[in-house]
Each structure stands twice: as C-alpha cells, then as structure tokens.
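# Structural characterization, general
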Amino acid sequence: MQTRFPPEPNGYLHIGHAKSICLNFGTAREFSGLCNLRFDDTNPAKEDMEYVDSIRESIRWLGFDWDDREHYASDYFDQLYAYAEALIRQGKAYVCSLTQEQAREYRGTLTEPGKDSPDRNRSIEENLGLFTRMKAGEFADGAYTLRARIDMASPNMNMRDPVIYRIRRQHHHQTGDKWCIYPMYDYTHCISDALEQITHSLCTLEFEDHRPLYDWVLDQLEVPCHPQQIEFARLNINYTVMSKRKLKQLVDEKLVNGWDDPRMPTLDGMRRRGYTPASIRNFCEMVGVTRSNSVVDVSMLEHSLRDDLDKNSPRAMCVLRPLKVVIENYPEDKTEIMTLPRHPKDDSMGSREIPFAREIYIDRNDFEEVPPPGFKRLVTGGEVRLRGSYVIRCNEVIKDSSGAINELRCTLDAATLGANPEGRKVKGVIHWVPAAAALDVEVRLYDRLFTHEDPDSAEGDYRDYINPESLVVMTGCKAEPSLAGAAPEDRFQFEREGYFCVDRKDASTDNLVLNLTVGLRDTWAKQNK
RNA sequence: UGGGGUGUCGCCAAGUGGUAAGGCAACGGACUCUGACUCCGUCAUCCGUAGGUUCGAAUCCUACCACCCCAGCCA
C-alpha cells in the first residue's frame, strides 16, 4: 500500500488536514506501506515557501515522517508536459483560444449541455505547434489553454473539455521562471499519483465528481499504474471555521494574531495553545472516517485533550486573581517547606516544594462574603483546606474605602497539617501561593473563537460572531516558585483551574507567559449557570 | 428542473437479512486534601418518510422527502 498527503502550500495546516494526515500516514503504517508528502504546487500565484516550511513542521510535530519521500507536483512538470503532447498526438487534447468569458458561455450550465469550442477540431500538428509556442512564451497570459477533448455534453461539468494547461507568467517557488505554462490540478494530480505508484489516492468528497476525469486521464496515458481515488468526508468542528480562505482572512485582517494564534484551528495555533500531538491523533481516531458530512462537537476534541493532559501534566498552583491572606497566628519570620506530588497518580513524576508563610495569596473566586448555596470554599467565619497545607479559618475581611476586599485575616489550625481536623469536616480545598516567594506571571485565557456554533452559515458575516472574550490577558498572576525555569511548551495543570503551557513565542526566563490550553471540567460552574 | 453523494440517540459512529456496538455530551450516584481524575448506573422497541418482499429488514425493492457537492484558465 502506498498513500500520499498532498497539501497545496497556500496556507497553514489545520485540524481538518490532521484528519487526512492521520488517515494517509496512519493507514499506510497500519498496512506496512508508505506515505509520501507531496506538495501540490501547480498554482504559483497562491503558493509560497513559507507555507511549505510550516506544513513540513506541522506534520513532523503531529508525529509523522516521510523520510526522503518529499515530492512536489512541480518535480513532474517535464513529464506532465510530455504526457500532454502524447494526449495531443492521440487527438485527445487541443489548444483552445476561447477567452475565459467565452469558455464559460460554451461550457453550458448544470441543466444544459455545452457547445464545442471552434478550436476543438484543430489538427494535431497545429495543436502541437501551438502548445510548443505556449511553452516558449510566445503568447500572452490567458491567450490559449490546452484542453482535454472529452465531451461538451457530459452531465458532469468536469468532463466538458476541462482545461489542463494555462499560460501564466508567474515565478514558482520550486521551478523559478522555467515555466510560463502550468498544469491544472485534475491533470496533475492523477499523473503524480501514478508516477509515485500510489495505490490509494484518498481525497475529500468534493472531488468525487472529478474521479471520472482522474480515471480518464490515466486511461489515455502509459503510466506506471492506475491508483484508485477514494473519497471521504472532510472534518468540521463547531464554533470554528475551517476554510483556508477564512483563516487567511482572520490573519490578514488582524482579527487574530497570526496563523499560530492559539485560538486558531491551525496545527500551529493548537500547538501554541498547548494541544498535544497525541490528543489530536486520538481525536482523529475517535471521529472516524466516513462519507457523510458531519460536524463534530468540540467537546470531543477537548475530551481527547484532557484525557492526555491529565495523565501527563505535572500539577502546580497558580493564583489568577490574587487576594492576600494573612495568617495571624503564624510567625512573620517562619516558613515551612510543603512537599506536594507533581502528579496525584504518578509517583514517577516526583514532587515539588512550596514554602508556606504568614502571607499567602488565594484566588478571589475562592472567597465569598455571601456564599451561594453549596459553596464549599472560604467564607467569613468558615474553614477551608489550603491544598497540601493547613486548614485555615477566616476571621476578618479587610476592605478599602470603596468597599472592595483588600485582604483576609485568618488563623490556621496547627493540627491539620497532613491530618484531618478533629471533630469536624472541612469540605473545601483551595489552591494558594506564598506571597513573597510567588512568581509573577502573565496568563492568557482562551475561549472558543466564535460565539456561534456554525459561523459559516450564521446570518450575516462570520466575522460578526468572533467571541470578544476569546482572549483575556491576566497579568499579575502568582505562580508557585517551582515554575521558575519552565521552558517554552512545558505543560502544567494548574490545580482547580485547567491545563496551561508556556507560550513558545512570548515567554522568557524572567517573564513567564502561560496559555490556557483547556479548563478543567467544572460541574460547579455548570450547576450555577 | 442535469450529474454526483449522504441520511442510525443532542453530536460523532458500528452494523450491510436474524431481531440497534462504542465514544462524546447529558443525568443520577460512589470516591476524593484538585467541585478534577477514576468508578458505577441511566440514556434509540427503533434506524429520513411511505409502501412492498420475507418466517424475519436499519440492512433487499419501489416511491417520496431533506441536506451536501459541481457551471475557476483554484486545489
């Protein structure tokens, strides 16, 4: 078995491509075959080396490798040209002088047959001569096309003498200025597959109508083999957009911060967000491959993500909205080192140390003066467990002149370190961080990019539905000291908050920037909605 | 109204003549120094609709309905 992943280098890869990558590379691997990487670079006007570089990196990051089997459709331009001449010699292709507008008129419509081009019966010699001159650059862009001679009355529009070569003076990222004529996709793809001895040419549903043309071209020519084209449904996920055009628009209009913005469904964006390659591969496995159009719920993706992250992320504490707490019965000059496991179920991850002191920070969300029913965090006069440390009781709330809470005065129960309190139960456990030793970090909170589950078909423009809260930057967050020295792309679970990763672009040793990959499931928040 | 596809739980998705897998979500409950994780349980008498064939159909036949794709010198 031999497959290929054939991206056009005209944009960054997204999660939809991941499905195709997993299918092509995964299936080949499963049947001890090989999968090639082939850049489908027949339209230099839209393509760029920047894209080929990013595509290569994304595929490797996802966990797949193509060894030395990196091909380009442009590698076959000479052969493609020779095959075109062969087609002409058989009377199966002709040079057409119709303008684009005329060609459209001659093509007919979905319900009416097309008309033959006046050039359809041009002699073979004349066609050969004209085609040679097209290649030689004797004609202006668009003056002529080479068309396959099939059937202008076919109910399948693709068979109505499709253009297979067009004149386009355009610098090509691989072939430079060698060519001024470029072959079209339908003609190129099947021959490229055949030359690479592809056995299964997997593509998406919209190419189904092209299959007769794929087969027709190969049937006319003497090629090494005749691959089978097999179509599958492309991946759609709700609350996002997947078309390259729209993703590019979001980037160009600066509605997001580049192709690798953590809110983008691009593999680069997801990587920066903190997605793991394994979670994406697993997700692709989970959704399956069928021929029916479907929209997968993001919760499936997030499930796969959390599943992987829970197992593999070391835990840490980070207070996003710091509220100072003074432990009145704890000496000012005292500190105790608290040792906490990095993972509750995986001892091999070791432990971390956090100094406990008189002044600490807790999250403002973990304290309520007037708690809702069922609240089991800190309240005035109530007790709560500080994770991995003591149980404290809140005695007093200090407010500023405007009535905002400034700090909490608490006392701890010295008998509760590593032991349950006597004679009472403390249900709540909250995270904390030592005030003096904590690290100042920036935390970027991300949410779905769109507020509408199907921005594509929502009323108005899809851009109208961009979620204004898709990015919330939190500064002055306080992280436990063990985070010092965290490297780009390091992942953590901030206990009771979610999974975070060190931004691979903006973080430095003295300025930690953490991205929210995905929050923990939160039945409390859901219950209170 | 031409051609090509697809319709199984809220969302994915098995099943292709023998009487509806699984996952996600949801909802109960257990456990818990993460309201997390984990664990247990509930969740399609019904497979787009209507007929028909058959001892027996989601699976075969007929008709109908809905949705998607195609009129780029894009891929």
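Structural data are supplied above this passage.
Thresholds applied
- Residues numbered from 1 in each chain as written.
- Chains lettered and ligands numbered in written order.
- Predicted model: local features only at pLDDT ≥ 70, side-chain atom pairs only at ≥ 80, totals over all residues.
- Heavy atoms only, no water.
- Buried < 20%, exposed > 50% of the residue type's maximum accessible area, 1.4 Å probe, protein only.
- Helix = DSSP H or I, 4+ residues; strand = E, 2+ residues; numbered from the N terminus.
- Pairing = 2+ DSSP bridges.
- Near = heavy atom within 4 Å.
- Polar contact = N/O pair within 3.5 Å; in protein donor to acceptor, adjacent residues only side chain to side chain.
- Nonpolar A, V, L, I, M, F, W, Y, C, P; charged D, E, K, R; others polar.
- Contact = heavy atoms within 4.5 Å.
- Axes fitted to C-alpha atoms, helices over the stretch in contact; angles between N-to-C directions.
- Parallel < 35°, antiparallel > 145°, perpendicular 65-115°, else oblique.
- Left-handed = near helix turned anticlockwise from the far one by under 90°.

## Considering the pairing of strand 23 (residues 439–446)
Across the 8 residues of strand 23, 6 count as buried, placing the element largely inside the fold. As paired strands, strand 23 and strand 24 (residues 471–479) are joined by 7 bridges and run antiparallel to one another. Paired with leucine 445 across the strands is valine 472, a residue of strand 24. Inspection of the sheet shows strand 23 paired to strand 27 (residues 512–519) by 4 bridges, in the parallel sense. If you follow valine 443 over to strand 27, its bridge partner there is leucine 514.

## Description of the protein's contact with RNA strand B
Near RNA strand B lie 61 residues; those nearest to it are Arg168, Arg315, Lys345, Arg377 and Arg387. If you look at RNA strand B and keep only atoms within 4 Å of the protein, 66% of those are sugar or phosphate atoms. One of the backbone N or O atoms of lysine 376 is found 3.0 Å from a base oxygen in RNA strand B. With 4 residues, the top contributor of residues to the surface near RNA strand B is helix 11 (residues 298–312). When its residues are assigned to classes, the surface near RNA strand B shows 18 nonpolar, 21 polar and 22 charged.

## Regarding the sheet that holds strand 25 (residues 491–494)
Spatial ordering of the open sheet is given by 10-25-26-27-23-24-11, a layout of 7 strands whose pairing is mixed. Edge positions in the sheet fall to strand 10 (315–316) and strand 11 (318–319), since each has one partner strand and no second. Bridge analysis of strand 26 (residues 498–502) against strand 27 gives 5 bridges, and the strand direction is antiparallel. Among the inter-strand pairings, valine 502 is bridged to a residue of strand 27, identified as leucine 514. Sheet strands in contact with helix 11 are strand 10, strand 25, strand 26 and strand 27, and its direction is about 120° off that of strand 27.

## Looking at the environment of arginine 166
Mapped onto the secondary structure, arginine 166 falls in strand 6 (residues 163–167). Overall, arginine 166 belongs to the buried group, its relative accessible area being 14%. Remark: the alpha-carbon pair of arginine 166 and phenylalanine 5, spanning 161 residues in sequence, is separated by 25 Å. Filtering out sequence-adjacent residues up to four positions away, arginine 166 remains in contact with Thr42, Asn43, Cys180, Ile181, Tyr182, Pro183 and Met184. In this structure the side chain of arginine 166 is engaged in a polar contact, spanning 2.8 Å, whose partner is the backbone oxygen of proline 183.

## With respect to the sheet that holds strand 12 (residues 322–327)
Across the sheet, which stays open at both edges, the 7 strands sit in the order 21-18-19-20-12-15-22 with mixed pairing between neighbours. Unpaired on one side and paired on the other, strand 21 (429–430) and strand 22 (432–434) mark the two borders of the sheet.

## Considering the packing of helix 3 (residues 77–89) against helix 6 (residues 185–195)
Between helix 3 and helix 6, whose axes approach to 11 Å, the crossing angle comes to 110°. Overall, the two elements helix 3 and helix 6 adopt an arrangement that is roughly perpendicular. Here helix 3 and helix 6 pass one another in a crossing that is right-handed. Contacts from Gln79, Leu80, Tyr83, Ala84 and Leu87 in helix 3 reach Tyr187, Thr188, Ile191 and Leu195 in helix 6. When grouped by side-chain class, the residues that make up the contact of helix 3 with helix 6 number 7 nonpolar, 2 polar and no charged.

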